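Chain residues, written in single-letter form:
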Amino acid sequence: MIALAADYSVKDILEIWETSRSSWHRPQLPRPVISGSMDCDGFPFKNYRIVVDEKILDKGDLYVENFFDHLIVHYIFCPRSLETAGRLAMAALEGLANGNKTQARRMVNLFTDIVVDTFRLERSVDDEEKVLLGWRELAKEELSPLDEAVVGCLAELWGVDLPPSDHPESEELLNIFSWGVKDRSKWPRQVMQMARILAELHPGVLGAGRVPSVEGLHGDADSAPLSGLASDQDPEAYRETLSVLGLDGDLRRWYRDQSYTIVIRPTGEATESRFPSSLAKWRFSDPPSELDVAYSLSLAPRLIPGVTTYKREMESCSMAAYGERVPDLLVVLDSSGSMGGHRRGTKTHAATLAAFKASAFAHGEGAEVAAISFSDRLVLQGWTRDLSAVEDVLVQHLGSRTHIPGREVLDLVVSRPSPLILCITDTHIQNLYNEWDYIQEAAALGRFVLFSIDGGNKNEQVEEALGDLGAVYSINSLDGLLSLVIETAEEAYRSQKAHPSRLDGESFISSERMGSG
Amino acid sequence: MSLSGFMGEAYAGKVRGEKRLEEKGGEFLLGFEDLAKRLEERPKRAEVEALAPRNGETILSLVHSASPKGRREGMIWGILTSLAAERLPSPLVIQPQDYAGLELHGGTIILDAKASPPWLNGRGSDGSGKVMGSWKRAHHLGERISGGRLVVRGGAGDYLGHEMRGGGIVAASCGDYAFRNMRGGWGVVRGDAGNYLAVGNSGGKVAVKGRAGARAGWLMRSGRIRVGRDAGEYLGLMMSGGEISLLGKAGARAGWRMRGGLIEAEGYGPEAGDDSVGGRLLCKGYP
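Residues numbered from 1 in each chain as written. Chains lettered and ligands numbered in written order. Predicted model: local features only at pLDDT ≥ 70, side-chain atom pairs only at ≥ 80, totals over all residues. Heavy atoms only, no water.

The next point concerns the overall build of chain A. Looking only at helices and strands, chain A has 22 helices and twelve strands in total. Relative to its 517 residues, chain A shows a buried fraction of 53%. Put simply, of all contacts in chain A between residues at least 6 apart along the chain, 70% involve residues at least 24 apart. Accessible surface for chain A amounts to roughly 23,600 Å². Of this, 49% is attributable to carbon and sulfur atoms. (Helix = DSSP H or I, 4+ residues; strand = E, 2+ residues; numbered from the N terminus. Buried < 20%, exposed > 50% of the residue type's maximum accessible area, 1.4 Å probe, protein only. Contact = heavy atoms within 4.5 Å. Areas by Shrake-Rupley, 256 points an atom, 1.4 Å probe, with all protein chains shown as cover.)

Here's what the structure looks like:
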């Protein structure tokens, strides 16, 4: 037990914590630790904690409960998730003309604080008392212009006796929050407008610290997929948004987060068996073969259709396919100048996203992955189970001309039995004649699939030559690339035994985009 | 126990019976920037109209609070001024700014340097450094208007009344390309007009009390231009219809390659009517 300020013990703190939790339907959150206590220093994971400052403990039980309530509502309502926090950060950055990340973080914190406390205040009289306790404590201190404007706005918004403000910004803030705080779809626009209004005011104590989120609390903010955010922004804007949240958003994360919502469903080979289950009445409309005569006669001496006639319901179950070796994957990615670079909507974007997904999928299936990024130079990662190393190669954009590295492809292919070779290029290949023999040999050893972007502007001779190697897909729309890569991955990683319906030419595309969280 | 009774018991004392805070209703709009953010790169009047508030006073407060940046926001602001003028019972008096009165259909807009937002009560500055009373020569005023009046109490910049189809514009003076591609309505310039006045017009009337610059009435097909003093060179260049009337003299090459229409002036510079295949050049005082 740790001795604490104001005669508080850890037990007392935890009692208040449990009271707060019970007021908010007992959310699954970690117990708080006191700043500077042994628990705080000794706990191995930095993030997974709610830390209470000892200064807060001096202010009484109700104040501590208010503090806990405030934190809990942050984690269960606003911003709750890292994705929401990211959307608010993105909006705050847009609202600030200077793009200052510290200021943007302050705006997000201020906005979420106001939303949380307005939400609490509206809930009950008890909550109102606690909320006002916190703000009145703050109002006793010397306030900066920004804090004054916020407190003045809250005085008007809530109709309470907090100090009014003569800043015109207070009135403008009031206009933002008078539309209500519960509608999440309004939050980004509200925070953007708030950032525009408060950008020039000197900050104070309000809005400092990191942006709360459940992922941040659980310590997995660095790996939480922010697919919606990544899809809506270019890499640089994405990096800036994440840096507002105190996270690194490099190019690899940008692609990884986007690829998270793309689903590859390998159609596994399954053995199906049928077995009898419950009893049901046999009627005239049922096939005679289904009538269970022996059983029906065991229940009644005569067979009266629909009355004393019974049949067995049949159920079927699928059995998982047996394990077998999966082919390793070699991704050969064109990163020449004609691919356009890492921006949304370019050939590089579509190709790299498809390559990321295919690599992650193959890796998940247990395959080893190798990658080559080429222009007239090349970056190569040999066979490995280290997905990060592969991703490092895939995000290279080398620029310049298109020289396919035939010898390197062959060197990688010969060391693995029948690997899958995914080659994504816009087929303006300038050294195909020199490298032809190597590529032909590699294609004979593995399964070569070429995705030729820019199908409308294709080089007929190159296409024809490459067509002899294996499957060649000419792609006119970049969306088609992703679907085709997924289809190829699905085919390659499902059971090696041919599926009957596949022989009939039925499509197995089962890719889909899930909604972002 | 009914569900409401059960919920009431479970949340007894934890929730309010009545709403504590009032919330605004209607179309959710947080200001000019918020409106602009929701519009496309080339905003159309119908799109702005769909998102803008219905009430003229509310639009007016948006107009006053806005600091449009760039062409796109300028156009949105201009359409808002038109919507406000159409919905307000009295004329809209605002500071001159680019695109004011864009696509105006009715009502009256007065551009006055001394105009100030209502909340300033006639004070000299709006707190953002914008000083009231100093005249700014704004461009694209009254573009594509089809009705109503635009009064510019000062000099207008370029493209005044560009592509107007109806209504009327009055300005103290104007820059280049005023009343270009005009199809209807009227324009009055109480001082001098810049170059390229009423280029490509197919209707409407333009009156300039002072001088007109070079190439007035270039490619004119129909409509009328009246100039109180002299005009620059190439007056009525390649015009095929309409009337141009000068109380002063025309510069060199008036009516050059003219195919139709009429030019009337006190006198002409050298090479007047060269290469013309139609139309008439009249000299006042001579039959």
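Another aspect to go through is the sheet that holds strand E3 (residues 146-155) of chain B. Residues and elements named next belong to chain B. Taken in spatial order, the ten strands make up an open sheet running E1-E2-E3-E4-E5-E6-E7-E8-E9-E10, and their pairing is parallel. Taken across any chain shown, the strands that pair with only one partner, and hence form the sheet edges, are strand E1 (92-94) and strand E10 (280-283). Ignoring strand direction, the axes of neighbouring strands in this sheet form an average angle of 10 degrees. In the sheet, strand E9 (residues 260-265) pairs with E10 via four bridges, with the strands oriented parallel. Paired with alanine 265 across the bridge in E10 is cysteine 283. Contacts from helix H5 (residues 70-87) reach E1 and strand E2 (108-111), with the element oriented near 145 degrees to E1. (Pairing = 2+ DSSP bridges. Axes fitted to C-alpha atoms, helices over the stretch in contact; angles between N-to-C directions.)

This part is about the pattern of salt bridges. Residues and elements named next belong to chain A. Considering all chains together, one arrives at 37 salt bridges over all chains under this definition. Between aspartate 69 and lysine 130 there is a salt bridge, with its nearest N and O atoms 2.7 Å apart. Taken together, the positions of aspartate 69 in helix H4 (residues 61-76) and lysine 130 in helix H7 (residues 125-139) put the pair 61 residues apart, joining distant regions of the chain. Accessibility assignment for this pair places aspartate 69 and lysine 130 in one class, buried. A salt bridge links arginine 344 to aspartate 234; the shortest N-O distance between them is 3.4 Å. (Salt bridge = Lys/Arg side-chain N within 4 Å of Asp/Glu carboxyl O.)

Glancing now at a nonpolar patch on the surface. Side chains of Val293(A), Leu297(A) and Leu303(A) sit close together on the surface and give an oily, nonpolar patch of about 220 Å² of accessible area. Within the secondary structure, Leu303(A) sits in the loop between helix H15 (293-299) and strand E5 (310-319). (Patch = residues over 30% accessible without salt bridge, like charges linked within 9 Å, V, L, I, M, F, W, Y side chains within 5 Å.)

Further remarks concern the confidence of the model for chain B. Residues and elements named next belong to chain B. Taken residue by residue, chain B gives an average pLDDT of 89. The fraction at 70 or more is 88%. In the model, residues 121-129 has pLDDT below 50 throughout and makes eleven contacts with residues more than four positions away in sequence or in other chains. Note on the complex model: pTM 0.77, ipTM 0.74. (pLDDT = per-residue confidence, 0-100.)

Trp135(A), Val150(A), Trp158(A), Phe177(A), Leu198(A) and Leu481(A) are the most contacted members of the largest nonpolar core, which totals 126 residues. Among residues more than four places away in sequence, those in contact with Val150(A) are Leu110(A), Ile114(A), Trp135(A), Leu173(A), Leu198(A) and Leu206(A). Counting 65 residues, the second-largest nonpolar core is a separate cluster that includes Ala66(B), Leu104(B), Leu111(B) and Ala231(B). (Core = buried A, V, L, I, M, F, W, Y, C linked by side-chain atoms within 4.5 Å.)

So, about helix H19 (residues 432-445) of chain A. All names here are of chain A. With 14 residues, H19 should cover 20 Å at 1.5 Å per step; its first-to-last C-alpha distance of 19 Å lies within 8% of that length. At tyrosine 438, H19 shows its largest kink, close to 35 degrees. Leu432, Glu435, Trp436, Ile439, Ala442 and Ala443 are the residues of H19 that are buried. Structurally, H19 contributes buried residues whose contacts are with helix H18 (406-414), strand E9 (420-425), strand E10 (447-453) and helix H20 (460-467). (Expected span 1.5 Å × (residues − 1). Bend = angle between axes of the 7 residues up to and from the residue.)

All names here are of chain B. Burial of strand E5 (residues 186-189) is one-sided: the residues Gly187 and Val189 facing one way are buried, the residues Trp186 and Val188 facing the other way are not. Sheet topology note: the strand E4 (residues 166-173)/E5 ladder contains four bridges and is parallel. Residue pairing in the sheet places isoleucine 169 in a bridge with glycine 187 of E5. As defined by bridge partners, E5 adjoins strand E6 (residues 202-208) across four bridges and the pair is classed as parallel. What sits directly across from glycine 187, in E6, is valine 206.

The next point concerns the packing of helix H16 (residues 347-364) of chain A against helix H17 (residues 387-394) of chain A. All names here are of chain A. Interhelical geometry of H16 versus H17 gives an angle of 165 degrees and a closest axis separation of 10 Å. By the angle between their directions, the pair H16 and H17 is classed as roughly antiparallel. The handedness of the crossing between H16 and H17 is right-handed. On H17, the residues touching Thr352, Ala355, Phe356, Ser359, Ala360 and His363 of H16 are Leu387, Val390, Glu391 and Leu394. (Parallel < 35°, antiparallel > 145°, perpendicular 65-115°, else oblique. Left-handed = near helix turned anticlockwise from the far one by under 90°.)

This part is about the side chain of Thr425(A). Residues and elements named next belong to chain A. Within the secondary structure, threonine 425 is located in strand E9. Polar contacts involving the side chain of threonine 425 include one to the side chain of aspartate 334, which spans 2.9 Å. Ignoring anything within four residues of it in the chain, the contact list for threonine 425 reads Asp334, Phe374, Thr402, Leu450, Phe451, Ser452 and Ile453. (Polar contact = N/O pair within 3.5 Å; in protein donor to acceptor, adjacent residues only side chain to side chain.)

Attention now moves to helix H14 (residues 251-259) of chain A. Taking burial as the measure, the nine residues of H14(A) include seven buried ones, the bulk of the element. Where H14(A) is concerned, the buried positions are Arg252(A), Arg253(A), Trp254(A), Tyr255(A), Asp257(A), Gln258(A) and Ser259(A).

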